[in-house]
Every structure is written in structure tokens, then in C-alpha cells.
Amino acid sequence: MKTSPASAYWGLRLTILTSVLWSVGLFAGFKTALLANVVATFALAAIGIFRPTVAVFTVAYLACLDSISRMYLIDSGLFRWNALNYLLLVLLFVCLPTVLKASDIHSIILLLFVALLVAGLLVTPDIENGVQHVLNIATSFGILACFMRARRDTSLWLWVAVLNGVAVAIGGLVFYLDPQALRLNPNGWSLFPLAGMFSICLASLKPPRNSVSPFLVLLAAVAFGWTFLSGSRGSTLVALICTLFLIGAEKQRSRRAGYLAVWALVCLGLAVWFATSGQGALHRIEYTFDSDKSITGRSSGRWDLIVAGWRIFLEHPLGVGTGGYSVSFAELGDEHLAFRGFTRQAHAGWIKTLVENGIAGTLIFAAYVCSFAYYGWRRRRQGWLALGLLTSTVLAIYFGFSEFQGKCVWLLAAGAAAVMDARSEGTIHA
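Residues numbered from 1 in each chain as written. Predicted model: local features only at pLDDT ≥ 70, side-chain atom pairs only at ≥ 80, totals over all residues. Heavy atoms only, no water.

Novice: Just to check I follow, could you spell out the pattern of salt bridges for this structure?
Specialist: Think of it this way: side chains of opposite charge can pair up when their charged atoms draw near. All chains considered together, the criterion is met by 3 salt bridges. In this structure, Asp66 engages Arg70 in a salt bridge whose closest nitrogen and oxygen atoms are separated by 3.0 Å. Residue Asp66 and its partner Arg70 are both found in helix α3 (residues 52-72); the two are separated by 4 residues, about one turn of the helix. This pair shows no difference in class: Asp66 is buried, exactly as Arg70 is. The salt bridge partner of Lys352 is Glu403, with a shortest N-O separation of 3.9 Å. Of the two residues, Lys352 is situated in helix α18 (residues 349-378) and Glu403 in the loop between α19 (385-398) and α20 (407-419); the sequence distance between them amounts to 51 residues. Both residues of the pair, Lys352 and Glu403, count as buried. A network of salt bridges, in which partner residues are shared, links Lys352, Glu356 and Glu403. (Salt bridge = Lys/Arg side-chain N within 4 Å of Asp/Glu carboxyl O. Helix = DSSP H or I, 4+ residues; strand = E, 2+ residues; numbered from the N terminus. Buried < 20%, exposed > 50% of the residue type's maximum accessible area, 1.4 Å probe, protein only.)

Dropping the structure here:
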């Protein structure tokens, strides 16, 4: 393996650039700063076609910006959902030889899952949603292809963590200081700081490092604080799991205790500074465990989406077809369910897969999620267990409250698959 000076060169300059662009938001507003970041990063992506290191930085950063850019900048049409997908398709085509050579267990299982989704389009009652679903997952190979081309650069992931971590820290501050920005959907916003935490995990849990630098600890603590203030209970749970893995990666007890103290102080400080958001987040968590409320109310109606999905699955154990959940839900006709009579998305990858692709799809997807932990266990002596367990745990929980369109989770999955690639570390093939 080698350390390329290109990582430090581009990493430092891109971090400075994004810091300046986000800082503009302190005066011009969150939306303006976000637009400047997205435009600049898409422009740099053209260079990434020819420079693997630049491709990693731009794709990783766009994955970090994905959820907020879709909600804030483009609110209708195909471009809203597919701006990054289109770029990833181009990069996938450019890097196709790399993808075709991929023989890791994660890629093989995911490719099989995509093939099943495509087959499900033949019977779906909603072809448009089905194609979008396939596109959301298939383009993850574009992220993987970019990461695989530069996987031997040992300093690359550290700089990606710095870039995304710093952007999240400053971008979050701009967001919570902008009253208009606070109207954003909290679940969508929370994926922005969550992507920063994923990037830090990839840098810190990658052997032979397996420790967290003080600077990354600070960035991760800020990212956790922003995630908590969002009020998204699912994202906060995932962020907490990332925190436990990061702190646990530190071997020295004294430093581990210090990191915990820093984490607590930073999060407490942010909660006090932005007291309104902090109180709102605590209220949402308390409401979740309020036994006097119905489970439908405590879950914002998502429990009914799960119940409906289970009933549809029992009627169609082989699946209703890729993208067919919303139509099947509207046709269920159960007057006791929330949102009855309306087309609703599953809001959970697991129940969506169960309904649309049946037993076969669920088993294949479960195998993909578990493949990271399996790999980590097989190579635990080389230090891969923590990253493998973290990736499988995050995927399992994340797809319990979100679907497949968010690119932050594919950033983690593709990053883990790339850094654990057999050819770069002398590890096993599928």
C-alpha cells in the first residue's frame, strides 16, 4: 500500500474551499451556501473522471450533501431524485472494468439483489417507482467503483473524513442559525451530519489505525450533536452506535475517558446553545416511550405502514413487484390504518423489500447486510471486525426507518467494501 501526496493536496484544498463556502452562509443563509457547495462539487466531479483521488472526494462529499440538496435546491421532477444518480451512472460507465473485476462477497450479493429487483419490474403495478428504486441501489456501484480505483491510498480516507467532518460542523452551525432552514424535514436533514460520522468511522476503524485522532473525535461529537438536535430518532440511534464504535476503537483507557468527556461537553454545549431544538429533540424521544399514547402515534404512523406491509406480504409471499408497495398499500382498504386510501411509501427498506420482492428478496438483502460482519469476523485478527460489525449494524438499523434513496448509507457500505477489498489487503474473496 502507499500514501499518495494527491490525497493531502486535494483534501486540504477542498476542505478549505468548502469551509469558505459554508462560512458564506453565516451572512447569505443556509440555502445559498448549500447551492455554492453543490455547484462547486459537481464542477470538480468532471476532473474526477480522469483523477481517481478527486473522484473519491467529490463523490463522498456529494453523498454527504445528497439528502439536503434534494430537499432544498430541487423540489420536483426527475432531476431532484437523480442529479447524483446521473453522475454516478457516468462514473460507473467510466470505471466499468473495475466493477466487472470486483469479486468481493458484498458486491456479488448486491448484484444478485439488483438482478432480482429488475426481474420484479415485470410484475410491478408501479413501473416508475420500481425503476427509481432499482436506480437508487444500482448507482451504489458507481460509488464503489470510484472508491475502488483509489483504495490503496492509505491517507485518502482520513482526508475524506476531514472534508466531510468539517463541512458538517460548519454547515450544521449555518443551518441552526438560519430560522428559515429549520423548516426542513428533520429526518432528511439528519442524514447530512450522519454522513460525516460515517466518513469518520471509515477513517478511524480501518486497520492498522483502529483509533480516533482528537480532531476527528471533535468533529464526530459535533456531528452527533447536530444529528440529535434534528429530532430524528432513527438517525440519532445510528449516530449513537457510531459513537460507541469510535470510542471503543481507542485502546488507551485514559484517552477513551477523555474522548467521552469531550463528546459530552460538545453535545451538551450545542443542546444549551440551541435550546429550542434540543428541547424538541428530547420531547420526540420522550414521546416515543410514552405508554399513554398509541404505538401509531408514537411512531408517526410508521407502525401502521409496517402492519400493512406484513398483511400484504402474507397475501403475496413472492412479492408484489419492485416499486409496488405504495399502490398495494392504497388498495389494502383497512380503515383502522393511518393514511388509509392514500399511496404511501414504506419508509423502511426491510418492509419495502419484504412486500415488493418477497421472501427471496428479503433473504438476499439480509445476506448483503450480514456480509460485512461475516467478513470482519473472518479477518478479525487483521483488525477488520469493528468496521465489519459497524457496517452491518448500521445497515440493519438504518433500513428499519429509511428506504434506499439516501446516499449517505451507501457511502458507508461502498467505503467499507472498498477498504476491505481482498486485493488491497490480502483478504478473502467470496
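Novice: Even after reading the chapter, I still don't get the confidence of the model for the chain, so can you show me in this structure?
Specialist: The predicted structure's coordinates, where accompanied by low pLDDT, should not be read in detail. In this model, the chain carries a mean pLDDT of 85, and residues with pLDDT of at least 70 account for 88%. A low-confidence stretch, residues 422-430 (pLDDT under 50), is modelled with 32 contacts involving residues beyond four sequence positions or located in other chains. (pLDDT = per-residue confidence, 0-100. Contact = heavy atoms within 4.5 Å.)

Novice: Just to check I follow, could you spell out helix α13 (residues 253-273) for this structure?
Specialist: If you check α13, its first and last C-alpha atoms are 30 Å apart, about what 21 residues at 1.5 Å a residue would give, namely 30 Å. Those residues of α13 not exposed but buried are Tyr259, Trp263, Val266, Cys267 and Leu270. Angularly, the buried residues of α13 cover 90° about the axis, an arc narrow enough to put them on a single face. Seen from the open side of α13, the exposed residues pointing more than 90 degrees away from its buried face are Arg253, Ser254, Leu265, Leu268 and Val272. On the buried face of α13, the contacting elements are α10 (186-204), α11 (214-230) and α12 (233-249). (Expected span 1.5 Å × (residues − 1). Arc of directions from axis to C-beta.)

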